[in-house]
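# Geometric and topological summary
Residues per chain, in single letters:
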Amino acid sequence: MAGVSNRSKFQAEINVTPFVDVVLVLLIIFMVTAPMLDQGVEIDLPQTKEVEVLPTDSEHLVLSVNKDGTLYLDNYEVKLDELEERVKVLVAEKSRALFIKADTNVPYGVVVDIMGRIKAAGVEQLGVVANPSDITADDLKNNAKTIEEVKK
């Protein structure tokens, strides 16, 4: 009978080894997937001399313009004729900032038209995203001379 009473006692120790295993697996999964969360629409950004870092808060949206003219508002495709209404609802009414990421090959007039539509929707905080460059003033002058020679 002494053996029966020993079996009915509870074990007071907690085995943390399985818990640690699960935590380490979750850590590895998050480390692998975290860089993928920041991925967006693939855009070849123009370059400029001075660039500020894009804010990391979630209170802003990014409007991407592909070289074929496709618009994406935070990874969701938007038609040009729907842009004002979507921007008004998602950005202007919530007082958010909007940043435009336009591909280098998008014509300047298209970007200006999109910016005009955004301003018409009531957005007050509008920024443009670019990459830093190593272009000097002499490079710009030489490029302008080359363009003039091609026009002749």
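In short, a report on the structure. In this text the structure is predicted, and so the values were computed from the model without any measurement. (Residues numbered from 1 in each chain as written. Predicted model: local features only at pLDDT ≥ 70, side-chain atom pairs only at ≥ 80, totals over all residues. Heavy atoms only, no water.)

Below, the discussion takes up the overall build of the chain. Within the chain, the regular secondary structure consists of 5 helices and 7 strands. In the chain, the succession of α and β elements from N to C terminus is α-α-β-β-β-β-α-β-α-β-β-α. In the chain, which comprises 152 residues, the share counted as buried stands at 24%. If you sum the accessible surface of the chain, you get close to 12,000 Å²; carbon and sulfur atoms cover 57% of it. (Helix = DSSP H or I, 4+ residues; strand = E, 2+ residues; numbered from the N terminus. Buried < 20%, exposed > 50% of the residue type's maximum accessible area, 1.4 Å probe, protein only. Areas by Shrake-Rupley, 256 points an atom, 1.4 Å probe, with all protein chains shown as cover.)

Together, Ile14, Val16, Phe19, Val20, Val23, Leu24, Leu27 and Met31 make up an exposed nonpolar region whose accessible area comes to about 800 Å². You can see Leu24 is positioned in helix H2 (residues 17-37). (Patch = residues over 30% accessible without salt bridge, like charges linked within 9 Å, V, L, I, M, F, W, Y side chains within 5 Å. Salt bridge = Lys/Arg side-chain N within 4 Å of Asp/Glu carboxyl O.)

A few words on the nonpolar core. Formed by 18 residues in total, the largest nonpolar core has its most connected members in Leu63, Leu83, Val87, Leu98, Ile114 and Ile118. Among the secondary structure elements, those contributing two or more residues to this core are strand S2 (60-65), strand S3 (71-73), helix H3 (83-92), strand S5 (97-102) and helix H4 (108-120). If we ignore the near neighbours within four places in the chain, the residues touching Leu63 are Leu71, Tyr72, Leu73, Leu83, Leu98, Phe99, Ile100, Lys101, Ile114 and Ile118. (Core = buried A, V, L, I, M, F, W, Y, C linked by side-chain atoms within 4.5 Å. Contact = heavy atoms within 4.5 Å.)

Across the sheet, which stays open at both edges, the 5 strands sit in the order S4-S3-S2-S5-S6 with mixed pairing between neighbours. Here the strands that pair on one side only, and so sit at the sheet edges, are strand S4 (76-78) and strand S6 (126-128). Neighbour to neighbour, the strand axes of the sheet diverge by 30° on average, direction disregarded. By the bridge criterion, 3 bridges tie S3 to S4 in an arrangement that is antiparallel. (Pairing = 2+ DSSP bridges. Axes fitted to C-alpha atoms, helices over the stretch in contact; angles between N-to-C directions.)

Burial runs high along S5: 6 of the 6 residues are buried. Neither face of S5 is exposed, since Ala97, Phe99 and Lys101 on one face and Leu98, Ile100 and Ala102 on the opposite face are all buried. Relative to S5, S2 is paired through 6 bridges, and the arrangement is parallel. Each residue of the ladder has a partner; that of Val62, found in S5, is Phe99. The sheet contact formed by S5 and S6 spans 3 bridges and is parallel. When the sheet's bridge partners are listed, Phe99 is paired in S6 with Gly127.

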